[in-house]
Amino acid sequence: MARNAPEKIKTKGGHNPRARIHATWSPIGQKMRRTATLRGLGAVLAVLLVIGFAADAYAQSFFDSLPSIHGLDSATFAGDTIITDRNGFQLADVGNHGDHRLAVKLKDVAPIMIQATIAIEDKGFYTNPGFDFGGILRAVYDNLKAGHIVGGGSTITQQLAKQQFLTPEQTVSRKIKELALAYELAQTYSKDQIMELYLNKSFYGSQSYGVEAAASSYFHIPASKLDLAQAAVIAGLPQAPTEWNPVLHPDAAKQRQTEVLQAMVRANFISQEDMDKAVAEKLVYQAPVNSFLAPHFVDYVLAELRQLGFKPGVQQLNVKTTLDWGKQQIGQSIVESNLAANLWRDRRGQLSSGLVAEDPKTGEILVMIGSPNYNANGGQINYTTIPRNMGSSMKPYTYGAVINARAATVDTPVYDGPSPLVYKDAYATTNIYNYDGKTHGVLPLKKAMGNSLNIAAVKVELSIGVPAVLSYMRNIGINPRIPVPNANGQYRIGNLDEYGPSLTLGGYPITLLEHVGGLATYADMGIYHTPEAILSVRDSHGAPLYTTHENQRARLALDPSVAFIMAQIMADDQNRCMIFGCNSALHWSDRTVAAKTGTTDNFKDAVTIAFTPDMAVALWVGDILSNAYTMVNNSDGIFVASPAVHSFVSQALAGVPGNRWYTPPPGVVAGANNSWFLADTRSVAKLPGDNPPSPTPTPINFTVPPDPGTGPVVASPSPSPPPVVDQYGCVFPLVGPKPCH
């Protein structure tokens, strides 16, 4: 019997399976196909997610890589430092490397300037989102047609983004960044804010950054005063500031001006008639000028700004200084004319001069003339701030120190002799002479000072010791210096025991500014003020950044009674008549002024100092070459410097009552012949260490010679070893009040 054959099985579709259970048409195959499809979709979704996350990460990274657009303010842009005098008169516009950047608020820009900018740069400025898509397409077409990048279709917002944050390179990546930043700017700032930033950031040629600098440079007016013709010229500059510079290329500038005016007509900002008038207007263009008024003072202010932590010429600063431009002009004229009148005294060398004046009540510098001509050979050196020998004009500090020490009064007799006065220390012997080589008997201390007697001055100094006098000077801001060996023109501040008796004779140099500060201490009855050149510093919006405080710079350095007595000695013409004659240039017939002269070795320097309650002033004239060059004989301070100081004080204080003087403080008492004494020291019969011969020599009749100044004085060597005590107990160098016999 045959085996039974199995029943043939067919699928619903009529197919013989033939064991193809995984065929695609099979149920299992269809299931597998669905599974594969789902897996494929999942893989695609995963890839898309990865790409999405990557794109998001890239976008996030891209925007994170862009600089922050927050906190933009035109006042924080790099810009000019404007320096004015105390009354707001502009002395200097200090830019960085000659560039000028001046920020201005939008409300202070002429509206016609804003319209001109919009018309030529971005007519859709107030409606676009920071970029102009149509402009970009047109730029792409132009670039493709040219075969290279010829333009970018940038809006004002895009230009601001490029100027503030990006480099000027022409690449696609930079353009993408520019668009992104422009969009962010448009979302963050108002249109007026963006316009203000753009007008202050743009470069307009002639080293002028910002519309205010451009208006000032080309037309010498502020941006608020620009008319249509001027605004059209400036508005056309940012795209090609050199090619269209009106100073360099006036014809090209005129053509560009016309293009701007035509754009303004198309934008309905102006009429055709307005355009025709603007085109016909004759404009005068100014070349950039970088000249400073009071240049030495401006240099001094810039240095002080840097000490305060500012960056002048980079930061936009408005600096109000202490200078009085009116008085500065008086001083400049007098210094120049006085130097011209004395050039004959120094035909072989080179004569220069400096003058500084200060308000003694505040320490504010009113006048600073560092040299007669800033542009002359050696003229850029500020001779009010470098050490010079001041001759006998240093003596008022010695006499003040002795009175303050109660070692003498104004009437204490001083023997002007012997001649020479021999001073010995461990290493050298110094012979001290009066100017005329003679002695003048015994005089009251006030007349010894008034007549500038060298022998008497050294005796007064040694009565309390050189270190005591030096400490007195340093207390009021005066720092005599010692030359550094083998270092041409270099000085150092020495120790107290390094100075010799020529200190009182001006043998150790100080600066004229220090000198006037010391005088101002007398003039303000003992109150010392640190000299100040800056009243305030503000940013371009007027916000205060620094304000001086005169009380914080002031301290009581001297007994007011001592200051008053010194003022009385220096203002009394009778105290100096023996040598200078009465009614000399040191005497004012219409006002009370304290004054003193000084002259150095071989007439190298001539000085006159003076003060009133309202002003302290010091004038120096001298040869600026080596010590081989000096003025001719008899070129004393009374002749070379005093007439100029007399004229300056009279002119600078015109209108100030001449009888303004000091009320005696409680610590003084009056005596005969305009003598004033400390209330606790009304009499000192003898100067410590002074031994006049017996009988006392009778003062000689003396014909008035030229100003004695200091006479020929040689600075004493600076001893470095410790003092030596001899077998008799005498100490050398002598620093105490007692002499050695």
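Each remark here, short or long, concerns the structure printed above.
Quantities reported herein were computed from a predicted structural model and do not represent experimental measurements.

## As for unusual backbone geometry
Cis geometry is adopted by the peptide bond preceding P418, which originates at G417 and carries an omega value of -5°. Along the chain, P418 falls in the loop between β8 (413-416) and β9 (421-424). Between S419 and the following residue, P420, the backbone shows a cis peptide bond with an omega angle of 0°. Residue H220 is not a glycine yet carries a positive backbone phi of 55°. Unusually for a residue other than glycine, N268 sits at a positive phi of about 65°. Along the chain, the position of N268 falls in the loop between α9 (250-266) and α10 (272-280).

## A closer look at the nonpolar core
Ranked by size, the top nonpolar core spans 121 residues in total, and within it I83, F297, Y397, Y399, F611 and F648 carry the most contacts. Take this core: its biggest share by element is nine residues, from helix α18 (residues 560-571). Not counting residues within four places of it along the chain, the set of residues in contact with F297 comprises L91, T321, T322, L323, I365, M368 and A533. Within the second largest apolar cluster, 48 residues are counted, among which are L106, A116, L166 and A223.

## As for the sheet that holds strand β7 (residues 364-369)
Strand order across the open sheet formed by five strands is β7-β6-β20-β19-β18, with antiparallel pairing between neighbours. Two strands lie at the open edges of the sheet, namely β7 and β18 (594-599), each paired on one side alone. With direction set aside, neighbouring strand axes in the sheet form an average angle of 10°. Looking at chain direction, β18 and strand β19 (residues 605-611) are connected through six bridges and run antiparallel. Bridge pairing in β19 places K596 opposite I609. Lying over the sheet, helix α17 (residues 512-523) contacts β6 (351-359), β7, β19 and β20 (616-623), oriented at roughly 150° with respect to β20.

## Concerning the side chain of R481
Along the polypeptide, R481 turns up in strand β12 (residues 481-483). On the basis of relative accessibility, which here comes to 16%, the residue R481 falls in the buried class. Within the structure, the side chain of R481 is placed 2.8 Å from the backbone oxygen of N479, a separation counted as a polar contact. When sequence neighbours within four positions are dropped, the list of residues in contact with R481 reads P387, Y491, R492, I493, Y499, Y508, P509, I510, T511 and E514.

## Some details on the state of the cysteines
Counted by the stated rule, this structure contains one disulfide. Here C577 connects covalently by a disulfide to C582, the sulfurs 2.0 Å from one another. Measuring handedness by torsion sign, the sulfur bridge of C577 and C582 sits at about 125° and is right-handed. A relative accessible area of 13% places C577 in the buried class.

## Some thoughts on the pattern of salt bridges
On inspection of all chains with the given rule, the structure shows 18 salt bridges. Between E364 and R86 there is a salt bridge; the shortest N-O distance is 2.8 Å. Within this pair, whereas E364 is found in strand β7, its partner R86 is found in the loop between β1 (81-84) and β2 (90-94), the two being separated by 278 residues in sequence. According to the relative accessible area criterion, E364 is buried, its value standing at 6%. Close ionic contact of D559 with R406 constitutes a salt bridge, the shortest N to O distance being 3.6 Å.

## Re the sheet that holds β1
Reading across the sheet, the five strands line up as β2-β1-β5-β15-β16 and stay open at both edges, with mixed pairing between neighbours. Looking along the sheet, the strands with just one partner apiece sit at the ends: β2 and β16 (544-547). Averaged over all pairs of adjacent strands, the angle between strand axes in this sheet comes to 15°, irrespective of strand direction. The pairing of strand β15 (residues 534-538) with β16 spans three bridges and is classified as antiparallel.

## A closer look at empty space enclosed by the protein
Going through the model one piece at a time under the given rule, you end up with six cavities of 30 Å³ or more. Quantified by volume, the largest cavity comes out at close to 60 Å³. The wall of the largest cavity is formed by M449, G450, I569, M570, D572, N575, R576, F580, L586, A595 and K596. Sorting the residues of the lining of the largest cavity by element identifies α14 (445-450), α18 and β18 as the ones contributing at least two each. Considered class by class, the residues forming the lining of the largest cavity number six nonpolar, two polar and three charged.

## A closer look at the environment of L556
You can see L556 is positioned in strand β17 (residues 554-556). Considered as a pair, L556 and I527 are 29 residues apart in the sequence and their alpha carbons are 4.4 Å apart. Excluding residues that lie within four positions of it along the chain, L556 makes contacts with M525, G526 and I527.

## What about the environment of P360?
You can see P360 is positioned in the loop between β6 and β7. Every residue in contact with P360, bar those within four places of it in the chain, is listed here: A520, A523, D524, H529, T612, P613, D614, M615 and A616.

## Some remarks on the packing of helix α2 (residues 111-121) against α9
Contact geometry of α2 with α9 gives a least axis separation of 8 Å together with a crossing angle of 90°. The pairing of α2 with α9 is recorded here as roughly perpendicular in orientation. Listed contacts from α9 to I112, Q115, A116, A119, I120 and E121 of α2 are R256, E259, V260, A263 and M264. Counted by class, the contact of α2 with α9 contains seven nonpolar, one polar and three charged residues.

## Observations regarding the pairing of β1
A two-sided burial pattern is seen for β1, the buried positions comprising T81 and I83 on one face and I82 and T84 on the other. By the bridge criterion, four bridges tie β1 to strand β5 (residues 317-321) in an arrangement that is parallel. What sits directly across from T84, in β5, is K320. Note that β1 and β2 share four bridges and pair antiparallel. In the sheet register, T84 faces β2, and the bridge partner there is Q90. Turn length for the β1-β2 hairpin, with the two strands adjacent in sequence and antiparallel, is five residues, and the turn residue G88 shows positive phi of about 95°.

What counts and what doesn't
Residues numbered from 1 in each chain as written. Predicted model: local features only at pLDDT ≥ 70, side-chain atom pairs only at ≥ 80, totals over all residues. Heavy atoms only, no water. Helix = DSSP H or I, 4+ residues; strand = E, 2+ residues; numbered from the N terminus. Core = buried A, V, L, I, M, F, W, Y, C linked by side-chain atoms within 4.5 Å. Buried < 20%, exposed > 50% of the residue type's maximum accessible area, 1.4 Å probe, protein only. Contact = heavy atoms within 4.5 Å. Pairing = 2+ DSSP bridges. Axes fitted to C-alpha atoms, helices over the stretch in contact; angles between N-to-C directions. Polar contact = N/O pair within 3.5 Å; in protein donor to acceptor, adjacent residues only side chain to side chain. Disulfide = S-S within 2.5 Å. Salt bridge = Lys/Arg side-chain N within 4 Å of Asp/Glu carboxyl O. 1 Å grid on protein atoms, 1.4 Å probe; cavity = no way out; pocket = protein on both sides within 12 Å on 5 of 7 lines; lining within 4 Å. Points joined across faces, edges and corners; volume = space filled by probe spheres on them. Nonpolar A, V, L, I, M, F, W, Y, C, P; charged D, E, K, R; others polar. Parallel < 35°, antiparallel > 145°, perpendicular 65-115°, else oblique.

Worth remembering: the numbers are spatial, not functional.
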